[in-house]
Amino acid sequence: MPSTSAPAYDPVVEYRTGIAAFEAKDYKKAVNAFKHVIAVVPSHAPAQYLLGASLMGMADFKRAIKPLEAAVKADSSMIDAQRALAVSYARQGDTAKATARRDALVARKTACAATCPAAAQIDAAIAAVNAALAGGAPQALGPTQSLRSLAAVDVTYVDAVSLINEGRYEPAIALLEAALWSAGPHPDLLTYLGYANRKLGNYGIAGSWYRAALAVAPNHRGALEYYGELKLQRGDRRGALAYLARLEQLCGFGCVQADALRVQIAEAGQSVS
Amino acid sequence: MGLSAALSAAPPPRTAPALLALTWTAPGRERAVLLEQPATCLNPAVAPAQVRLGQALFNAPDLFGGQAARAALNCASCHSNGRRNPAFFLSGISGEPGSADVSSSFFSLARTNRQFDPVAIPDLALPGKIDRAPASGALERFIRGLIVEEFTGREPGAGQIAALASYVRAIGPCPARATEPRALSSDLQLLNASVAGAVTLLDQQDPAGAAVLIKAARFRLGLIDERMAGPKLAKLRRALLTASLGLAQLPLQRTRLAAWLATFDRDVAPSLVRSERQSLYDPRQLDRWLIDLQGGKK
């Protein structure tokens, strides 16, 4: 059954608090806020990374490693997290792991050739890891990703959904993932990450995004509808009906999300009643 | 506010409850939008029953499809009371308040130009680029294109298009006043028009159109529910919810719909009217609510 309990903290608000504290170098406050975010959405790679980066800001490299490993696991393409993790390993004296991380960055640079868009970022990351391995003082290890304003997030969201409507799912996913940096784990972004991945046939990934959206906002109508559709698509009619029941409970004055899921279930060939 | 908030129709946890109309309202214009609307004087020479049906459809979110329907947008979102909503604003869709990019892929692929080129929302009381003469049929074709192509709605029946065109033809400015209150009576009148319109469309053998208006009636009950905020009005909100669920379960039959409306007018509407001054239709109550919404800052 879909969860109906709201999280103890609003992760979107906590994320913004964390960003503001991080930018003000109030790392203790930032750590607290990012911990609240990942307690609800552990798969939010930017929050895991920023938690690790905040701990690094407090020179607590030992505790930084766990969230940084989680960030890399959630998003293996995040260069900032790979850099920070390698530096933390080096600062903890784990030269082997630091070297392995650096070599992975070198391999990535080689694979994408010198002209790839991330080449300069990878070079800077490699230099930071080498400096740490050589025992140098930690360099600035904040995000290279721009933390854009909230207004820009809305524009990004509209652009991403427009791309989805055009069937251009991969660029939509890239836009939405980028927006997660500035918006935090906003349930609308998470829902459409699930939707775009579902359309690409990435059902497992889609399910994890929908679950993340519902962890943040258990009553999110779009996430309930689309997760119900995913259940149906995967042959779990009972699961789809549970999500429809939840929507009908929420939509006492009607809503298009319940109507759409009801139609999908009916079109799947069986009565909903 | 932003479109993402509109689409979820479910705010993130622990934020103050928002009234739906605020989703597409420019910051700073909230009070004006919630308390007032442009004054509209309908031309009595245009068949009143058709105009009333058209007005109900004009306010029906299910006339549209796709993202517009998900945001509960309807014609009146941009054309407040059939006129122009100067405060309409959606990030990524609007430029200045009162504008919209209707050729965005966000709404439809049929008319997309992949450019951000919002245009000023026109006032339907003023002559526009579309010939409104009934004989030309141009207005009917334009409205059909808006619904089906611009906002990916289902193909409307001929009776729906005719009624919408009649309403648009009847819209006129009022000589003596620029605005009029957006009061409970406005919503009750639209509720009534929606249910009565559903009966008319059933008589015209258009059950799909009738279903659109039943959903519009339930949507209207939801808008009234939003305004009946606070613990003192909980009983009224329960009555509104019961009325909505009852309407949803009714078979699409003339007599049943008429009976529902009569019961609502007898058992619920008078209590709503008596409580209007305690609700967010009242300027003083709304002012307090807006201060709370903005975090207690005046």
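See the structure shown above.
Residues numbered from 1 in each chain as written. Chains lettered and ligands numbered in written order. Predicted model: local features only at pLDDT ≥ 70, side-chain atom pairs only at ≥ 80, totals over all residues. Heavy atoms only, no water.

1. A look at helix 5 (residues 79-91) of chain A
Residues and elements named next belong to chain A.
Here comes step 1: With 13 residues, helix 5 extends 18 Å from end C-alpha to end C-alpha; this agrees with the ideal 18 Å at 1.5 Å per step.
Here comes step 2: In terms of burial, helix 5 is largely enclosed, as 12 of its 13 residues are buried.
Here comes step 3: Along helix 5, the positions that sit buried rather than exposed are I79, D80, A81, Q82, R83, A84, L85, A86, V87, S88, Y89 and A90.
Here comes step 4: Backbone geometry just after helix 5 places G93 at a positive phi near 85°. (Helix = DSSP H or I, 4+ residues; strand = E, 2+ residues; numbered from the N terminus. Expected span 1.5 Å × (residues − 1). Buried < 20%, exposed > 50% of the residue type's maximum accessible area, 1.4 Å probe, protein only.)

2. Quick word on the packing of aromatic side chains
Here comes step 1: Applying the stated criterion to the full structure yields 14 aromatic pairs over all chains.
Here comes step 2: Ring geometry for A:Y15 against A:F34: centres 5.8 Å apart, planes inclined by 70°, an arrangement best described as edge-to-face. Here the residue A:Y15 occupies a position in helix 1 (residues 11-23), and A:F34 occupies one in helix 2 (residues 27-40), the gap between them amounting to 19 residues.
Here comes step 3: Taking relative accessible area as the criterion, A:Y15 reaches 0% and is therefore assigned buried.
Here comes step 4: With a centroid separation of 5.3 Å and 70° between ring planes, the pair formed by B:F107 and B:F151 is classed as edge-to-face. With B:F107 in the loop between strand 2 (99-100) and strand 3 (119-120) and B:F151 in the loop between helix 6 (138-150) and helix 7 (158-170), this pair connects stretches of sequence that are 44 residues apart.
Here comes step 5: Residue B:F107 is classed as buried on the basis of its relative accessible area, which comes to 6%.
Here comes step 6: Counting every residue linked through ring pairs, the aromatic cluster contains A:Y157, A:Y192, A:Y195 and A:Y226. (Phe/Tyr/Trp six-rings, centres within 6.5 Å; stacked < 30°, edge-to-face > 60°.)

3. Digging into the side chain of B:S94
Residue and element names in this part refer to chain B.
Here comes step 1: Mapped onto the elements, S94 comes out in the loop between helix 5 (75-78) and strand 2.
Here comes step 2: Within the local environment of S94, its side chain forms a polar contact with the backbone oxygen of S99, the two atoms lying 2.8 Å apart.
Here comes step 3: Other than its neighbours up to four places away in sequence, S94 contacts F88, F89, S99, A100, F116 and P118. (Polar contact = N/O pair within 3.5 Å; in protein donor to acceptor, adjacent residues only side chain to side chain. Contact = heavy atoms within 4.5 Å.)

4. Concerning the environment of B:E30
Residue and element names in this part refer to chain B.
Here comes step 1: Looking at where E30 falls in the secondary structure, it is placed in helix 2 (residues 30-35).
Here comes step 2: With a relative accessible area of 16%, E30 lands in the buried category.
Here comes step 3: In this structure E30 touches L22, T25, L290 and Q294, once residues within four positions along its chain are discounted.

5. Some words on the state of the cysteines
Here comes step 1: All told, the structure shown has 2 disulfides over all chains when counted by the stated rule.
Here comes step 2: Shown here is the disulfide that connects A:C251 with A:C255, its sulfur atoms set 2.1 Å apart. Looking along the S-S bond of the A:C251-A:C255 disulfide, the torsion reads about 80°, which is the right-handed sense.
Here comes step 3: For A:C251, a relative accessible area of 5% puts it in the buried group.
Here comes step 4: Residue classification places A:C255 among the buried residues on the basis of a relative accessible area of 10%.
Here comes step 5: The disulfide bridge from B:C41 ends at B:C174, spanning 2.2 Å between sulfur atoms. The S-S bond linking B:C41 to B:C174 shows a torsion near 115°; that makes this disulfide right-handed. Pair noted here: B:C41 is in the loop between strand 1 (36-38) and helix 3 (48-58) and B:C174 is in the loop between helix 7 and strand 4 (179-181), with a separation of 133 residues, a long-range link.
Here comes step 6: Residue classification places B:C41 among the partly exposed positions, given a relative accessible area of 26%.
Here comes step 7: Exposure remark for B:C174: the relative accessible area of 9% places this residue in the buried category.
Here comes step 8: Looking at B:C75, it has no disulfide partner, and the nearest cysteine sulfur is the one in B:C78, 8.9 Å off. (Disulfide = S-S within 2.5 Å.)

6. Some thoughts on unusual backbone geometry
Residues and elements named next belong to chain B.
Here comes step 1: For A72, which is not glycine, the phi torsion reads 60° and is therefore positive.
Here comes step 2: Tracing the sequence through the fold places A72 in the loop between helix 4 (66-70) and helix 5.
Here comes step 3: For A72, a relative accessible area of 14% puts it in the buried group.
Here comes step 4: Of note, the phi angle at T152 is positive, near 45°, even though the residue is not glycine.
Here comes step 5: Mapping T152 onto the fold places it in the loop between helix 6 and helix 7.

This is a description of form; function is not addressed.
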